[in-house]
Structures are given as C-alpha cells and as structure tokens.
Amino acid sequence: MATTTVSNPSLAHKLRGISGEAVKFGIVGLSGVVVNFAVFWVCINGLHLASLRSNIAATLVAIATNYLGYRYWLYRDRDAASRKREITLFLLFSGAGMLIETGVLAFSVYSLGLDSHFEQLAAKVGGLALGTVFRFVSYRTWVFKAVPEPVAGVPAPEPTGAAAVVAQAELVLATEQIRLAKAE
C-alpha cells in the first residue's frame, strides 16, 4: 500500500519564504507612505484642514493606491476568485489600520498636546508603523489568501457553479487555440 507524506516546512524555511513577501509588502507600503504623507502635508499646510481630517483623507488615498500594488504585484498569484470578498476585507482591515494610525495621532495631539506640524508627523509615523504591522498580518492571512497547494495523491475537487462554467470556457478556448495553431 502506497502512502504519501506531507512535508511540514521548518520555521527557518517559513521565515525565508515570508521575507521576500515582507520586502515586497514594504515596497508597496513605502509607495503608500509617500502618497499618505504627501496628501497629509498638502491637507494641513495647503488646505489648512485639521490634522485628523487630513490624516483620514491621506490614508484613504493611500489605501486605494496600495490595493492596486498588493493585488496586481505582490499578491497577483493569490486566489482572486471572489474580488467582492477581497475588496470588502481589504477595506475593513485598511479601515482598522487607519483607526490605529488616527488613534495614535489623536492621542498625541489631544492628550499629549503635541500639535506642531512636525510633532504631528512624528505621531503619524508611530501610528503608521503600528497600523502597518496590523495590515501585513491581516492582508496575508485573510484578504489575499494563498491558493492551496495540491497534495500528492489527492485529486483536486471538481469545480461547481460559476467556477465550472469558467473552467469549461477556458477548456473550449484552449482547444480552439490548439486547432487554430495546427491550421496555420
């Protein structure tokens, strides 16, 4: 009787795998930070909005740009079967991260009395750091879920519903491409 064993990767192997993901997450996040701080600075200096309103506006713009980077670069190979679910969770966890960031800023300004523009920027950096850790864990765990690896000896489940229709359409298209290639 043949048996299959599923190897369980070591902690070192898991950490090596996550380091590349963390670097890419940092690159997308850094571009979001640049957008976030630029919009924040324009809001508090150019538009003369209050710091919390400026922070919320800046974070919302950064969330939109980050989604594009995460979905189409970092997590492009992850399961995208349910975009509505993905976007809903992304916005939910991004909103929670924004609350963390804004909470740190509000505490700094209203409880500690640090209200100069540079003190507000420093508080924003601290809040952004805490929010980023929260977002990284949330996005990789619940939003951009990895496609499960096939296990040797275990057949993949047959698609049902819309997935079955898509699979059938892809099969028809692949067959047509082969037929056209042979005709040339």
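Only a predicted model underlies this, so the values are computations on that prediction, with no experimental measurement involved.

Enquirer: Quick question: what am I supposed to make of the side chain of Ser138 here?
Expert: Mapping Ser138 onto the fold places it in helix H4 (residues 117–143). For Ser138, a relative accessible area of 2% gives the class buried. Discounting chain neighbours no more than four positions away, the residues touching Ser138 are Phe93 and Val143.

Enquirer: It is not clear to me how the packing of aromatic side chains should be interpreted in this structure. Could you clarify?
Expert: Centre-to-centre distance and the angle between the planes together describe a pair of aromatic rings. Summed over the entire model, instances satisfying the criterion amount to 10 aromatic pairs. Residues Phe25 and Tyr139 carry aromatic rings whose centres are separated by 6.1 Å and whose planes lie at 55° to one another, so their mutual orientation is tilted. Pair noted here: Phe25 is in helix H1 (residues 11–46) and Tyr139 is in helix H4, with a separation of 114 residues, a long-range link. By the burial criterion, Phe25 is buried, and Tyr139 matches it. Taken together, Phe25, Tyr67, Tyr70, Phe90, Phe136 and Tyr139 form an aromatic cluster joined through their ring pairs. Above the face of the Phe37 ring, Lys124 is positioned so that its terminal group lies 5.5 Å from the ring centre. One Lys or Arg, Lys124, reaches over the ring of Phe40 and ends 5.0 Å from the middle of that ring.

Parameters at a glance
- Residues numbered from 1 in each chain as written.
- Predicted model: local features only at pLDDT ≥ 70, side-chain atom pairs only at ≥ 80, totals over all residues.
- Heavy atoms only, no water.
- Helix = DSSP H or I, 4+ residues; strand = E, 2+ residues; numbered from the N terminus.
- Buried < 20%, exposed > 50% of the residue type's maximum accessible area, 1.4 Å probe, protein only.
- Contact = heavy atoms within 4.5 Å.
- Phe/Tyr/Trp six-rings, centres within 6.5 Å; stacked < 30°, edge-to-face > 60°.
- Lys NZ or Arg CZ within 6 Å of the ring centre and 35° of its normal.

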